[in-house]
Amino acid sequence: MMLWILGLPLELRLLVLAIFGCVAGSLCNLAIYRLAYRQRSISPWSLPLPDAPPRSWFDRLPILGWLSLSSREIPLHGRGFWIRPLLIEVGLAIALPLLYWWEIEGLGQLPIELQNLLRGSPRHLEVAQIRLHQPFVMHALLLLAMTIASFIDFDEKTIPDEVTIPGTLIGLVLIALLPFGMLPCWHEQMLLLVANRANIPPNIQLDLGTVWLTTPVEWPECFNGWPHGWSLVIGLGCFWLWCIGLLPRPWRTRHGYGRAWALMVARIRREPFSNFVLLIAVLGTVAVALVWWLDRHPATISWKSLLSGLVGICVSGGIIWLVRIIGRFALRKEAMGFGDVTLMAMIGLVVGWQASLMIFFIAPIVGLAWGLFQLVTGRGNELPYGPFLCMATLVVLWKWAELWTWAAPVFAMPELVPMTMAACMGMLLVLLTGLRLIRRG
């Protein structure tokens, strides 16, 4: 299949992706206005308002339809209502072909020296490009989901579960079907050839690696599928923690912790959404156990990919969840919505826990720049954190070659990672507590 795709002219592949980006942008606009808490009938694919003029088939065409609606529905939605959705569709029509060209043709997520080495061997270049199609599919779908979540967060300072839950479930299915769908990495053998400026010997099978759970450390046998039971325990534990995080959990300690627990359990049992989460937990448990059981042969790698994605959900979502708890404790108020937790869990599924830590450190820098802009322009002091997580994700994908080259030796010493995270969380607690005391003073 991939050989057939690579056999097509590059221009044709980019054109198809541009058309797909237009259509996907139209669907993203529909989701942005229909999945929001305050739903609006701005998208031409939604039901029009009773007093709206009739819409034709031309109005539903991506990009061009907004030019038609811009003059007829201004009295209903405001003068510039059509500008942002039009730019979203144009942006995705450009972004998807550009992402494909950069990741597949340009080998943009690999070091420049390795790019030159692969281009010197057509056979190995073709193998690398076939492999890189899988992460491209994951990154393209993640880009669409982040687009929906970001613009809803900009509008309403919240991220609906209707975006992150289906996105995570679809990602789990795809990550098992596309076992090389996580971020690429490169072996020491490749770097040695680059360092020696040698041509690739024809008898060497030079495949790109994938950033799985233990990368850059060798994958231990105990993390394999059947009959290694502990790996199933880890995978199901991460999945169940994600399901528990989806449950409605009001926590009110005004009348004591016992009363708080009783109210939370009663709310979970009474809420209809809990039945939906229970259904996800049951079906997901069966699916995860099935992949683990089918992964009997050492050459089968679906379980490696799925387990890495499940741990990515738990670690990335857990970090933001912990930041949310620390922020609430230090500031004595809600500092971050739970939608940011589920959004980061969805991102961590695709990029893995290693890249999620990089996103965690980059996102505040992006948020600080936007916060200074709001402070100067006087546009309020509430910051939607979800878009900053998405922007930081794009930065990590863009600079992955440099970031992984720098970070791989650090991740090779796993004991440093929890120590660094604990120190950062402690500093965050001190800083937020000091900020609250300064504001109160």
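Quick note: structure is the one above.
Because the structure is predicted, anything quoted here is derived from the model rather than measured. (Residues numbered from 1 in each chain as written. Predicted model: local features only at pLDDT ≥ 70, side-chain atom pairs only at ≥ 80, totals over all residues. Heavy atoms only, no water.)

Enquirer: Before we move on, could you go through the overall build of the protein and cite the residues and values that matter?
Expert: Assigned secondary structure in the protein consists of 17 helices and 2 strands. Put simply, 72% of the contacts in the protein that link residues at least 6 apart link residues at least 24 apart. Surface summary for the protein: the accessible area is close to 22,800 Å², and the carbon and sulfur share equals 70%. (Helix = DSSP H or I, 4+ residues; strand = E, 2+ residues; numbered from the N terminus. Contact = heavy atoms within 4.5 Å. Areas by Shrake-Rupley, 256 points an atom, 1.4 Å probe, with all protein chains shown as cover.)

Enquirer: Provide a residue-level description of the packing of helix 10 (residues 229-246) against helix 13 (residues 302-331), including the pertinent values.
Expert: Relative to each other, helix 10 and helix 13 sit at 40°, their axes nearing to 9 Å. Classed by the angle they form, the pair helix 10 and helix 13 counts as oblique. Read as a crossing pair, helix 10 and helix 13 show a hand that is left-handed. On the side of helix 10, the interface is formed by Ser 231, Leu 232, Ile 234, Gly 235, Cys 238, Phe 239, Leu 241, Trp 242 and Gly 245, while helix 13 contributes Trp 303, Leu 307, Leu 310, Val 311, Ile 313, Cys 314 and Trp 321. (Axes fitted to C-alpha atoms, helices over the stretch in contact; angles between N-to-C directions. Parallel < 35°, antiparallel > 145°, perpendicular 65-115°, else oblique. Left-handed = near helix turned anticlockwise from the far one by under 90°.)

Enquirer: I'd love a proper account of the packing of helix 7 (residues 122-156) against helix 8 (residues 161-177), names of residues and values included.
Expert: Viewed as axis vectors pointing N to C, helix 7 and helix 8 meet at an angle of 175°, and their least axial separation amounts to 11 Å. In terms of orientation, helix 7 lies roughly antiparallel with respect to helix 8. Residues Met 138, Leu 141, Ala 145, Ile 148, Ala 149 and Ile 152 of helix 7 touch helix 8, and the partners they reach there are Val 163, Gly 171, Leu 174 and Ile 175. The class makeup of the residues in the contact of helix 7 with helix 8 is 9 nonpolar, 1 polar and no charged. (Nonpolar A, V, L, I, M, F, W, Y, C, P; charged D, E, K, R; others polar.)

Enquirer: Requested: an account of helix 10, with residues and values cited.
Expert: Within an α-helix, residues lying three or four positions from one another point in the same direction, as the helix has 3.6 residues per turn. Counted at 1.5 Å a residue, the expected span for helix 10 with its 18 residues is 26 Å, and the 26 Å between its end C-alpha atoms agrees. Within helix 10, the full set of buried residues consists of Ser 231, Leu 232, Gly 235, Leu 236, Cys 238, Phe 239, Trp 242, Cys 243, Gly 245 and Leu 246. (Expected span 1.5 Å × (residues − 1). Buried < 20%, exposed > 50% of the residue type's maximum accessible area, 1.4 Å probe, protein only.)

Enquirer: Give me the lowdown on the pattern of salt bridges, citing residues and values where you can.
Expert: The full count for this structure, using the stated rule, is 6 salt bridges. A salt bridge links Glu 105 to Arg 13, with the shortest nitrogen-to-oxygen separation between them at 3.3 Å. Residue Glu 105 is found in helix 5 (residues 83-105), and its partner Arg 13 is found in helix 2 (residues 10-34); the two are separated by 92 residues along the sequence. Across the pair Asp 155 and Arg 40 runs a salt bridge whose closest N-O atoms are separated by 3.3 Å. Of the two residues, Asp 155 is situated in helix 7 and Arg 40 in the loop between helix 2 and helix 3 (64-72); the sequence distance between them amounts to 115 residues. Of the residues examined, Arg 40 reaches a relative accessible area of 22% and is grouped as partly exposed. Members of the salt-bridge network, linked through shared partners, are Arg 40, Arg 84 and Asp 155. (Salt bridge = Lys/Arg side-chain N within 4 Å of Asp/Glu carboxyl O.)

Enquirer: Run through helix 16 (residues 400-411), naming residues and quoting values.
Expert: Residues of helix 16 that are buried: Trp 400, Ala 401, Trp 404, Ala 407, Ala 408 and Phe 411. In a view along the axis of helix 16, the buried residues occupy a sector of 140°, so they form one face of it. (Arc of directions from axis to C-beta.)

Enquirer: Let's hear about the environment of Arg 131: which residues, and what values?
Expert: In this fold, Arg 131 is placed in helix 7. With relative accessibility at 16%, the residue Arg 131 sits in the buried group. Placed 49 residues apart in sequence, Arg 131 and Phe 180 show a C-alpha to C-alpha distance of 6.9 Å.

Enquirer: Account for the side chain of Thr 215, naming residues and giving values.
Expert: Mapped onto the elements of the fold, Thr 215 is located in the loop between strand 2 (209-210) and helix 10. By relative accessible area, Thr 215 is classed as buried at 11%. From its side chain, Thr 215 meets the backbone oxygen of Thr 210 in a polar contact 3.3 Å long. Excluding its chain neighbours within four sequence positions, the residues that come into contact with Thr 215 are Cys 185, Thr 210, Gln 354, Trp 404 and Phe 411. (Polar contact = N/O pair within 3.5 Å; in protein donor to acceptor, adjacent residues only side chain to side chain.)

Enquirer: Provide a residue-level description of unusual backbone geometry, including the pertinent values.
Expert: The linkage connecting Thr 215 with the following residue, Pro 216, adopts the cis geometry, with an omega of 10°. Here the residue pair Trp 226 and Pro 227 is connected by a cis peptide bond, since its omega of 5° sits within 30 degrees of zero. One can find Pro 227 in the loop between strand 2 and helix 10. Even without being glycine, Ile 63 reaches a positive phi, approximately 70°. Within the secondary structure, Ile 63 is located in the loop between helix 2 and helix 3. For Leu 107, which is not a glycine, the phi torsion comes out positive at approximately 50°. In this fold, Leu 107 is placed in the loop between helix 5 and helix 6 (112-119).

Enquirer: Tell me about the nonpolar core, residues and numbers included.
Expert: Counting residues in hydrophobic clusters, the biggest one holds 114 residues, and the most contacted among them are Trp 242, Val 351, Trp 400 and Trp 404. The element best represented in this core is helix 14 (residues 338-377), accounting for 18 residues. If we skip the residues at most four places from it in the chain, Val 351 touches Leu 142, Met 182, Leu 183, Ser 356, Ile 359 and Leu 397. (Core = buried A, V, L, I, M, F, W, Y, C linked by side-chain atoms within 4.5 Å.)

Enquirer: Tell me about the packing of aromatic side chains, and name the residues and values.
Expert: Where two aromatic rings form a pair, the distance of their centres and the angle of their planes describe that pair. On inspection of all chains with the given rule, the structure shows 16 aromatic pairs. Between Trp 219 and Phe 223, the ring centres sit 5.9 Å apart and the planes meet at 75°, which makes this aromatic pair edge-to-face. When its relative accessible area of 18% is taken as the criterion, Phe 223 is described as buried. Of the aromatic side chains, those joined through ring pairs into one cluster are Phe 180, Trp 212, Trp 219 and Phe 223. When the ring centre of Trp 45 is taken as reference, the NZ or CZ atom of Arg 60 above it lies at 5.9 Å. (Phe/Tyr/Trp six-rings, centres within 6.5 Å; stacked < 30°, edge-to-face > 60°. Lys NZ or Arg CZ within 6 Å of the ring centre and 35° of its normal.)

Enquirer: Could you give an account of the environment of Leu 306, naming the residues involved and the relevant values?
Expert: Counting through the fold element by element, Leu 306 comes out in helix 13. Residue class for Leu 306 comes out buried when judged on its relative accessible area of 4%. Considering only alpha carbons, one finds Leu 306 and Val 291, 15 residues apart in sequence, at a separation of 8.2 Å. Residues contacting Leu 306, with those up to four places away along its chain left out, are Leu 172, Ile 175, Val 288 and Val 291.

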